[in-house]
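# Summary of the model geometry
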Amino acid sequence: MEESEAVRVAEPAEAEFMHAMARLAPAKVQHELGMAQARLGGGVALVMSRDPTGGYWNKALGFGVTEPVTGDLVSQVLDFYRAHDGQGAVIQVAPSVLPDDWDDICAREGLVAGSVWVKLLRDAGPAAPATTDLRVAEVGADDARAWAEVLCRGFGMPLGPLVDMVAGVVVPGSPFVPYAAWDGDSLVASASLMLADGVAAFCGAATLPEARGRGAQSAFFEHRVNRAAQAGCRWLSAETWKPTAEAPHNPSLANMQRAGFDVVYERTNWTWRA
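A few points on the structure.

### A short note on the overall build of the chain
A tally of helices and strands in the chain yields eight helices and eleven strands. For 274 residues, the compact-globule estimate of 2.2 N^0.38 gives 19 Å, and the C-alpha radius of gyration of the chain, at 18 Å, lies within 12% of that figure. In terms of overall dimensions, the chain has C-alpha extents of about 55 × 45 × 40 Å along its principal axes. Among the 274 residues that make up the chain, the fraction classed as buried is 52%. Looking at the chain as shown, the accessible area adds up to about 12200 Å², and 49% of this sits on carbon and sulfur atoms.

Below, the structure is given as structure tokens:
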């Protein structure tokens, strides 16, 4: 796949799952965390002015697909954060859609290059069979909070209102398909899939330390790939951080590649501080 086509598939998939997760959060949680969402320039911007993670949930992404990235658009995005007391944000733009004057825009707006993520795609072909001694199944409302708590713990995020926010996607009519793995009666691993517009977004997975190495993640990939194919999705999208000299091994990236995902491009996180 050409990079331009990969961008048209992968960027909206990630943007839509971030927007949907924020939008589906209960009103009480949105108020408590200072949340707001907006669609700007073909992308989305998410603010959480009281983000307990220190900034992960303040993102603007999905740009450059239906409308060009311009200095005016960046100004609109940053004005949105200022209007909602955002103390910082990460703007994620695929390198192939950056404008020629991007360096000037960054200098004017105070954007600084940060970490690099990799975007991955695979088609909806058959999933590799997986073996695990854990019980894997879709999550219903009764297990929504336990499922969300494992995701937050796995990503090192504080519990509390963030758990309620993540659990908010487990509702009737949600585009999310949550999966969990149980060791007996204990929920020990969680994963999520979002289905939208013929693309499946693989949007987060985590296993608690005591259950690692037992095949939960491989089983999650098998279930989610097959579920996406059943839903008629043509492409499956995922993203994770790029290994560095200081952190040379990313288990998530290795799991994705074993599941048939290929890296299609790298994307810099452009950071802004109020």
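### Examining the state of the cysteines
The tally for this structure, following the rule as stated, stands at zero disulfides. Considering cysteine sulfurs only, cysteine 203 is the nearest to cysteine 233, which forms no disulfide, with 12 Å between them.

### Here's the deal with the packing of helix H3 (residues 71–83) against helix H4 (residues 102–109)
Where H3 contacts H4, the axes come no closer than 10 Å and their chain directions differ by 30°. When the axis of H3 is compared with that of H4, the two are roughly parallel. For the crossing formed where H3 meets H4, the hand is right-handed. Residues Gly71, Val74, Ser75, Leu78 and Arg82 of H3 touch H4, and the partners they reach there are Trp102, Ile105, Arg108 and Glu109. Class assignment of the residues belonging to the contact of H3 with H4 gives a composition of four nonpolar, two polar and three charged.

### Let's talk about the nonpolar core
By size, the foremost hydrophobic cluster in this structure holds 72 residues, and its most contacted members are Tyr81, Ile91, Trp102, Trp147 and Met165. Those residues within four positions of tyrosine 81 in sequence are excluded, and the remaining contacts are Ala45, Leu46, Val47, Asn58, Lys59, Ala60, Gly86, Gly88, Ala89 and Trp272. One finds Val188, Leu193, Ala200 and Ala219 within the second-largest nonpolar core, a separate group that totals 29 residues.

### Details of the packing of aromatic side chains
Within the structure shown, the criterion is met by seven aromatic pairs. Between the aromatic rings of phenylalanine 80 and tyrosine 81, the centroid separation amounts to 5.5 Å while the plane-to-plane angle is 75°, which identifies the pairing as edge-to-face. By the burial criterion, phenylalanine 80 is buried, and tyrosine 81 matches it. An angle of 45° between the planes, with centres 6.4 Å apart, marks the rings of tyrosine 81 and tryptophan 272 as tilted. Within this pair, whereas tyrosine 81 is found in helix H3, its partner tryptophan 272 is found in strand E11 (residues 262–273), the two being separated by 191 residues in sequence. In textbook terms, an aromatic cluster arises when at least three aromatic residues are bridged by ring pairs, as seen for Phe80, Tyr81 and Trp272. A cation over a ring is seen here: lysine 59 above tryptophan 117, with NZ or CZ 5.3 Å from the ring centre. A cation over a ring is seen here: arginine 224 above phenylalanine 221, with NZ or CZ 4.9 Å from the ring centre.

### Thoughts on the pattern of salt bridges
On inspection of all chains with the given rule, the structure shows 13 salt bridges. Counted as one network, the salt bridges with shared partners bring together Glu11, Glu14, Lys119, Glu239 and Arg267.

### Re a negative patch on the surface
On the surface, a cluster of negative charge is contributed by Asp100, Asp101, Asp103 and Asp104. Tracing the sequence through the fold places aspartate 103 in helix H4.

### Describing the pairing of strand E1 (residues 35–40)
Relative to strand E2 (residues 43–48), E1 is paired through six bridges, and the arrangement is antiparallel. Across the sheet, glutamine 37 pairs through a bridge with leucine 46, a residue of E2. Once E1 ends, the chain turns through two residues before running back antiparallel as E2, passing glycine 41 with a positive phi of about 55°.

### A closer look at the layout of surface pockets
Put simply, the largest pocket is a space of about 970 Å³. Taken together, 40 residues line the largest pocket, and the ones lying closest to its centre are Phe155, Gly204, Ala205, Ala206 and Ser252. Those elements that place two or more of their residues in the lining of the largest pocket are helix H1 (3–23), helix H5 (144–154), strand E9 (199–207), helix H7 (216–230), strand E10 (235–241) and helix H8 (251–258). Ranked by the residues each element gives to the lining of the largest pocket, the list is headed by E9, at six residues. Class assignment of the residues belonging to the lining of the largest pocket gives a composition of 22 nonpolar, eleven polar and seven charged. Computed from the structure, the second largest pocket encloses a volume of approximately 280 Å³. In terms of lining residues, the second largest pocket is bounded by 19 residues, among which Gly54, Gly55, Tyr56, Asn58 and Val90 are the most central. The set of elements that each furnish at least two residues to the lining of the second largest pocket consists of strand E4 (88–92), strand E5 (112–123) and E11. It is E4 that contributes the most residues to the lining of the second largest pocket, four residues altogether. Of the residues assigned to the lining of the second largest pocket, the class counts are five nonpolar, eleven polar and three charged.

Parameters at a glance
- Residues numbered from 1 in each chain as written.
- Predicted model: local features only at pLDDT ≥ 70, side-chain atom pairs only at ≥ 80, totals over all residues.
- Heavy atoms only, no water.
- Helix = DSSP H or I, 4+ residues; strand = E, 2+ residues; numbered from the N terminus.
- Rg over C-alpha atoms; globule rule 2.2 N^0.38 Å.
- Buried < 20%, exposed > 50% of the residue type's maximum accessible area, 1.4 Å probe, protein only.
- Areas by Shrake-Rupley, 256 points an atom, 1.4 Å probe, with all protein chains shown as cover.
- Disulfide = S-S within 2.5 Å.
- Axes fitted to C-alpha atoms, helices over the stretch in contact; angles between N-to-C directions.
- Parallel < 35°, antiparallel > 145°, perpendicular 65-115°, else oblique.
- Left-handed = near helix turned anticlockwise from the far one by under 90°.
- Contact = heavy atoms within 4.5 Å.
- Nonpolar A, V, L, I, M, F, W, Y, C, P; charged D, E, K, R; others polar.
- Core = buried A, V, L, I, M, F, W, Y, C linked by side-chain atoms within 4.5 Å.
- Phe/Tyr/Trp six-rings, centres within 6.5 Å; stacked < 30°, edge-to-face > 60°.
- Lys NZ or Arg CZ within 6 Å of the ring centre and 35° of its normal.
- Salt bridge = Lys/Arg side-chain N within 4 Å of Asp/Glu carboxyl O.
- Patch = residues over 30% accessible without salt bridge, like charges linked within 9 Å, V, L, I, M, F, W, Y side chains within 5 Å.
- Lys, Arg positive; Asp, Glu negative; His and termini not counted.
- Charge placed at Lys NZ, Arg CZ, Asp CG, Glu CD.
- Pairing = 2+ DSSP bridges.
- 1 Å grid on protein atoms, 1.4 Å probe; cavity = no way out; pocket = protein on both sides within 12 Å on 5 of 7 lines; lining within 4 Å.
- Points joined across faces, edges and corners; volume = space filled by probe spheres on them.

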